[in-house]
Structures are given as C-alpha cells and as structure tokens.
Amino acid sequence: MSALLQVRGLSRHYGRRIGCEDVSFELHPGELLCIVGESGSGKSTLLNTVAAQLAPSAGSVRYRQRDGEWLELGQLSEADRRRLAREEWGFVTQNPRDGLRLNVSAGANVAERLMALGVRHYGQLRSIARGWLERVEIDPARIDDAPTGFSGGMQQRLQIARTLVTQPRLVFMDEPTAGLDVSVQARILDLLRRLVNELGLAAVMVTHDLAVARLLAARTMVMQHGRVVETGLTDQILDDPQHPYTQLLVSSVLTT
Amino acid sequence: MNTNLMLDLHDLGKSFELHHQHDAHLHVLDGIRLQLHAGECVVLSGPSGAGKSTLLRVIYANYRPSRGSVRLRHDGRWLELASATPHEVLDARRRTLGYVSQFLRVIPRVPALDIVAEPLLQIGAEPAQARQRAGELLHRLNVPERLWQLPPGTFSGGEQQRVNIARGLIAPRPVLLLDEPTASLDAANRAVVAQLLAEARVAGSAVLGIFHDEDMRDRVATRLFPMQPLEPA
Ligand SMILES: Nc1ncnc2c1ncn2[C@@H]1O[C@H](COP(=O)(O)OP(=O)(O)O)[C@@H](O)[C@H]1O
Ligand SMILES: Nc1ncnc2c1ncn2[C@@H]1O[C@H](COP(=O)(O)OP(=O)(O)O)[C@@H](O)[C@H]1O
Ligand SMILES: [Mg+2]
Ligand SMILES: [Mg+2]
C-alpha cells in the first residue's frame, strides 16, 4: 500500500531554539500514528509543521491528495494549502475553544466546514449536523445552542464532529483529551476509536498519555528534545522499550 | 521448500537492556531453534522464568529479537519478522499470526460480542456475519448470552479469559500463539478449548502454546519443546 504522507528530515527552529529536528516518517491510509513525549519535547511543533501551519526550517512534507497526485507542501501557495485544510484535512486542537466558533450554534459549527465545500441546502445541512451531533453523543435538541454553555467534554466532542463532518482523508489532533476528567476522556477516546475505524481515517495524534497511544494507535513515535528517539509498533514500544528515555517514560507510567 | 513449514526460528536470542536499572543486561533466550508445521501443536515446557512467554512475544513481534531469525510463512512467502516493517507485521498479525495471552485487554465501553468479532471485521467480514460467528464461539465457551452486550471490564477472570480465547480464535489464522489461555478455566471449559484447538489444527493451523495444566498439555500437544532459564534467577 502506498503512503499518504511522507515527512523527510523535517526541522523547525524558533530562532536558535529547537522546536523539532530532523524528523522523518510515513503515514498510510487508515493508519493512526501517535507522537508521545513529555511537555516541551516538540510534539506540537512537529504536528503544526507537518500540517503546514508552521513553516519548516528544513526538510519536506509530501502529501498524496485525493486524485493521487503527490504535493510538496513547501511549494504550495497559501491558497492551495488552505484548500487542502478545507477539503482533505481536519485539525482537532487541545482546547476546543480554539477550534470552535463560540458565538454560533452547535449546528452551525458542524455545518460550517460543509458549507465551505459548497453544500448550501439548509435542510440538508441541518440534517447532517443533527446526525453528527448524535454520532458524538450530543443531544440533537441542543442543535441551536451555542457551545459556550457546553461542558469541556461536550465542546471537544463538538469539535470532533465539526472536523470529521467533511470526511477528511487526514486528521491532525493535538492532545484532544488533555485537560479533561478521566471519565470524560474515556468517552472521547471511545468515540475517536470508533470513528477512526468506521471512517478509515488516517491521523497523526499528539499525546503525552501512553494509554491513549495503546488504545488508538498501531504505531507510535517517541520524542525527546525535539528529536524522534524511538519509533515502531505501539505495543513494541510500550512492552519492550529500547531507548533509555522510552524506558523511563514507560516505567513512570507503570508506577503512577 | 517444505510446504508444511509455517514458522522457522533460527539461533534466536533475546536480551533486555535495562538502562535505568544499573544498565542490567538480562539474557533470556539464546540459540533457539524451532520449526513449526501446519497441523501440529508444540507446547513450550519448562519452569517459570525459562522465557516461554518471552519467546511467544518475540514471535508475535511484540518484543524485538536481539539475535537470530524469525521466519513466518505469510501470504505464500517467507517474511523475516526480525526485520519486517511495522506495516508488514500488522498485516501478518491480521491474516497469519494469532496471539492469545492470559489476560484480556479490556477496551472501555466496547461490548464482549464486538471485542470478539473485531478480528473478523479487520479481514473484511460482514459485520452481521462476524457478530454471528462471535456469538457462536461465546456460546460454545459457555459465556452466558446476557453478558454479550456488556463490556467485559466487570466480568470474572474466567469469563474474560473465554472472551479472550474467542477473540483469538475467531479469525482462521495459520499460526496460533497461546500463552496459558486456560489458566483460570474449569475442566469443562478447558475441554472446549482443547476441542477448538483440535478443530483449528484440522483446518491446517499450526499451534505453539504454553499450558501449565498437565491434563490440558497431554490433550493438545503433539510435541513438547523444553526450555530452561539461561541465568539463575
Ligand atoms: N512560538 C514559540 N516560540 C519559541 N519557542 C517555542 C514556541 N513554541 C514552542 N517553542 C519551544 O519549542 C520546544 C517544543 O515545544 P512544543 O512543540 O510546544 O512541545 P510539546 O508540544 O511537546 O509540549 C519547547 O522548547 C518550546 O519552548
Ligand atoms: N519486557 C520485559 N522487560 C524485562 N524483562 C523481561 C520482560 N519480559 C520478560 N522479562 C524477563 O524474562 C525472563 C523470562 O520471563 P518469561 O518469558 O515470562 O518466562 P516464563 O513465561 O517461562 O515464565 C524473566 O526474568 C522476566 O523477568
Ligand atoms: Mg504541545
Ligand atoms: Mg509465562
């Protein structure tokens, strides 16, 4: 099977500070890859650079778009990158308030990305939005409520619906369950697990929680100081970690 | 090429390097040679700590071998698991290599029936058909129907183990690795597992397993593979 995303030697510096350094990986269709590592290890920098939200300092990101053509993201115009983000990608932020529009209704939040793809029929938009609210376990009766009144977990589920409604081919997620209560996290993880399976999503997901990687990702990359120190099957990395840093990460999880 | 040969271990070794425990090197496996053929059931025997579970995990590519070769017949050709890519390993696990551990890994909120059906879905079975087959297996393993729609998190150890066996055996895989799958089962359910394994072998599967219970071992083994700890514990 051919890859969907090819990352080669990708670096992003902030002045003289390293964000991420010399990262390479591939992602296949239908595959969820987790990036783990402690705070400050460069996970978000890598994710945002791959998703073309930050300009790389070195290296390349290639993406095979829906029609099969390979695109070199660094050579695309801003308009083309925006088109990709709209038509083929999705991004779920850690804080749902960054990914939602708080002043419009839940239904409008879900419908907005569809409208950007040219769906105009009001009744159709509304019924799709209703269906997606149900899918993320939000009572469709709340379709006209603004998300400001939602709990953090509900807001995050709404952001997931808003992102996935366009059936993106590739989804980027940055700690989508961090900062939520454990019981709320479990519900979102279960939801993500099911949606990823049902939609056959390819996704890159940042998390500092190894249990999240175990549950969702077939493959995992471990980052430290901006570099990938170990990569492989998630169960290999958690059960037979090779790198000293990974061993530390795994053992500190086991003792907490 | 011997068309019956399914798994070929050659001079296989495994050591653990524990960086945060005074850089301890734990040598667990060395020079393992083992050939597993279709239709046979080889049982690993030896004292606790001999490396039996480690060997199964290395074959499943859950642990990475330190030395030697693990060749698996996958899709009509030999796949060297010691150097296979993650995607190759995942494909081998989906279609060729099954693994049943002693404990069920519970997935929150997922009902027992779906946990069992999942491996069939992964190889493209129709959902209704997969669920029906899952129900048949759970039924044979005496898991009461009232439990099927519940997540197994609250099940007894024996019930979880039977869900785990059903999940491990539902997809017809040519090589089955079993790590004490019957440890907390009663005699009646052990007999069911022995019967299921016999059927898998008749269907052409090769089985490599660890069974503590002697009665179970006598019933399923076509051959023993003795193992001893490399270093005094
Ligand atoms: N906008 C920024 N300006 C300067 N340094 C930054 C910026 N964003 C991140 N960094 C630095 O880059 C490194 C990686 O940060 P980040 O990618 O946010 O890590 P993580 O997501 O793993 O917590 C850290 O040293 C961080 O301080
Ligand atoms: N992931 C691991 N990390 C470190 N040591 C391990 C790991 N897995 C197994 N071992 C060690 O390998 C040795 C053999 O264990 P195991 O394979 O479980 O033996 P058996 O199944 O024959 O009882 C033991 O000393 C055990 O502690
Ligand atoms: Mg971050
Ligand atoms: Mg054991």
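Above this note sits the structure.
Structural notes, computed from the coordinates. (Residues numbered from 1 in each chain as written. Chains lettered and ligands numbered in written order. Predicted model: local features only at pLDDT ≥ 70, side-chain atom pairs only at ≥ 80, totals over all residues. Heavy atoms only, no water.)

Quick word on the overall build of chain B
When you go through chain B residue by residue, the secondary structure sums to seven helices and nine strands. Against the compact-globule benchmark of 17 Å for 233 residues, chain B has a radius of gyration of 18 Å, which places it among compact chains. Summarising its shape, the C-alpha atoms of chain B cover approximately 50 × 40 × 35 Å along the three principal directions. Accessible surface, chain B as shown: approximately 10,800 Å² in total, 50% of it carbon and sulfur. (Helix = DSSP H or I, 4+ residues; strand = E, 2+ residues; numbered from the N terminus. Rg over C-alpha atoms; globule rule 2.2 N^0.38 Å. Areas by Shrake-Rupley, 256 points an atom, 1.4 Å probe, with all protein chains shown as cover.)

Re the layout of surface pockets
As a volume, the second largest pocket reaches approximately 670 Å³. As for the second largest pocket, its lining consists of 28 residues, and the residues nearest its centre are Leu238, Asp239, Asp240, Pro241 and Val250 of chain A. Of all the secondary-structure elements, those providing two or more residues to the lining of the second largest pocket are α8 (210–216), α9 (234–239) and α10 (244–254) of chain A together with β1 (5–18) of chain B. When its residues are assigned to classes, the lining of the second largest pocket shows eleven nonpolar, nine polar and eight charged. (1 Å grid on protein atoms, 1.4 Å probe; cavity = no way out; pocket = protein on both sides within 12 Å on 5 of 7 lines; lining within 4 Å. Points joined across faces, edges and corners; volume = space filled by probe spheres on them. Nonpolar A, V, L, I, M, F, W, Y, C, P; charged D, E, K, R; others polar.)

Notes on the packing of aromatic side chains
All told, the structure shown has five aromatic pairs over all chains when counted by the stated rule. Aromatic side chains phenylalanine 16 of chain B and tyrosine 63 of chain B sit 5.3 Å apart centroid to centroid with 90° between the ring planes, which places their arrangement in the edge-to-face category. With a gap of 47 residues between them, phenylalanine 16 of chain B in strand β1 and tyrosine 63 of chain B in the loop between α1 (52–59) and β4 (67–74) connect regions that are remote in the sequence. Like phenylalanine 16 of chain B, the residue tyrosine 63 of chain B is buried in the burial classification. Seen from their ring centres, tyrosine 60 of chain B and tyrosine 99 of chain B are 4.8 Å apart, and the 25° between their planes marks the pair as stacked. Here tyrosine 60 of chain B, found in the loop between α1 and β4, pairs with tyrosine 99 of chain B, found in strand β6 (residues 97–100); they are 39 residues apart in sequence, far enough to count as distant. The two residues tyrosine 60 of chain B and tyrosine 99 of chain B agree in class, both being buried. An aromatic cluster is built from Tyr63, Trp89, Phe91 and Phe172 of chain A, whose rings are joined through pairwise contacts. Note that arginine 62 of chain A overlies the ring of tryptophan 70 of chain A, its terminal NZ or CZ placed 4.5 Å from the centroid. (Phe/Tyr/Trp six-rings, centres within 6.5 Å; stacked < 30°, edge-to-face > 60°. Buried < 20%, exposed > 50% of the residue type's maximum accessible area, 1.4 Å probe, protein only. Lys NZ or Arg CZ within 6 Å of the ring centre and 35° of its normal.)

A look at the site of ligand 2
Around ligand 2, the structure places 13 residues, and the nearest of them are Gly49, Lys52, Ser53, Thr54 and Tyr63 of chain B. Around ligand 2, the neighbouring residues derive from chains A and B rather than from a single chain. Threonine 54 of chain B places a side-chain nitrogen or oxygen 2.5 Å from an oxygen atom of ligand 2. Contact distances for ligand 2 include 2.9 Å between a nitrogen atom and a side-chain N or O atom of tyrosine 63 of chain B. (Near = heavy atom within 4 Å. Polar contact = N/O pair within 3.5 Å; in protein donor to acceptor, adjacent residues only side chain to side chain.)

Comments concerning the site of ligand 1
All names here are of chain A. Around ligand 1 sit Tyr14, Arg17, Ile18, Gly19, Glu38, Ser39, Gly40, Ser41, Gly42, Lys43, Ser44 and Thr45, and those are all the residues in its vicinity. Lysine 43 has a polar side-chain atom sitting 2.8 Å from an oxygen atom of ligand 1. Taking threonine 45, its side chain carries an N or O atom lying 2.5 Å from an oxygen atom of ligand 1. Coverage of ligand 1 by the protein chains reaches 61% of its 560 Å² of free accessible surface. Here the residues of the shell around ligand 1 are counted per class, giving two nonpolar, seven polar and three charged.

Remarks on the interface of chain A and chain B
A common way to report how large an interface is uses the accessible area buried once the components associate. Taken together, the contact pairs 25 residues of chain A with 22 residues of chain B. Summing both partners gives a buried area of about 2,000 Å² for chain A against chain B, and 48% of it is carried by carbon and sulfur. Broken down residue by residue, the surface that chain A buries against chain B is led by Leu233, Gln236 and Asp240 of chain A, which jointly contribute 26%. On the surface where chain A and chain B come into contact, there are seven salt bridges. Across the pair lysine 14 of chain B and aspartate 240 of chain A runs a salt bridge, and its minimum N-O distance is 2.7 Å. In this structure, the connection of chain A to chain B is made through 14 residue pairs in polar contact (both at pLDDT 80 or more). For the side of chain A that touches chain B, the secondary-structure elements that each account for two or more residues are α7 (182–199), α8, β10 (227–233), α9 and α10 of chain A. The biggest single contributor to the side of chain A that touches chain B is α7 of chain A, with five residues. Residues that form the side of chain A that touches chain B fall into these classes: six nonpolar, seven polar and twelve charged. (Contact = heavy atoms within 4.5 Å. Buried area = accessible area lost by both parts, 1.4 Å probe. Salt bridge = Lys/Arg side-chain N within 4 Å of Asp/Glu carboxyl O.)

A word on the side chain of asparagine 164 of chain B
Residue and element names in this part refer to chain B. Within the fold, asparagine 164 resides in helix α5 (residues 157–169). Since its relative accessible area comes to 8%, asparagine 164 is described here as buried. At 3.4 Å, the side chain of asparagine 164 forms a polar contact with the backbone oxygen of phenylalanine 103. Those residues in contact with asparagine 164 that sit more than four places away from it in its chain are Val100, Ser101, Gln102, Phe103 and Leu104.

Side note on helix α5 (residues 122–135) of chain A
Think of an α-helix as turning once every 3.6 residues; residues three or four places apart then point the same way. All names here are of chain A. Taking 1.5 Å of rise per residue, the 14 residues of α5 would be expected to cover 20 Å, and the 20 Å separating its terminal C-alpha atoms lies within 8% of that figure. Taken together, the buried positions of α5 are occupied by Leu125, Ala129, Trp132 and Leu133. Angularly, the buried residues of α5 cover 105° about the axis, an arc narrow enough to put them on a single face. Buried residues along α5 sit in contact with α4 (106–116), α6 (152–164) and α7. In the stretch just after α5, glutamate 137 is the one whose phi turns positive, near 60°. (Expected span 1.5 Å × (residues − 1). Arc of directions from axis to C-beta.)

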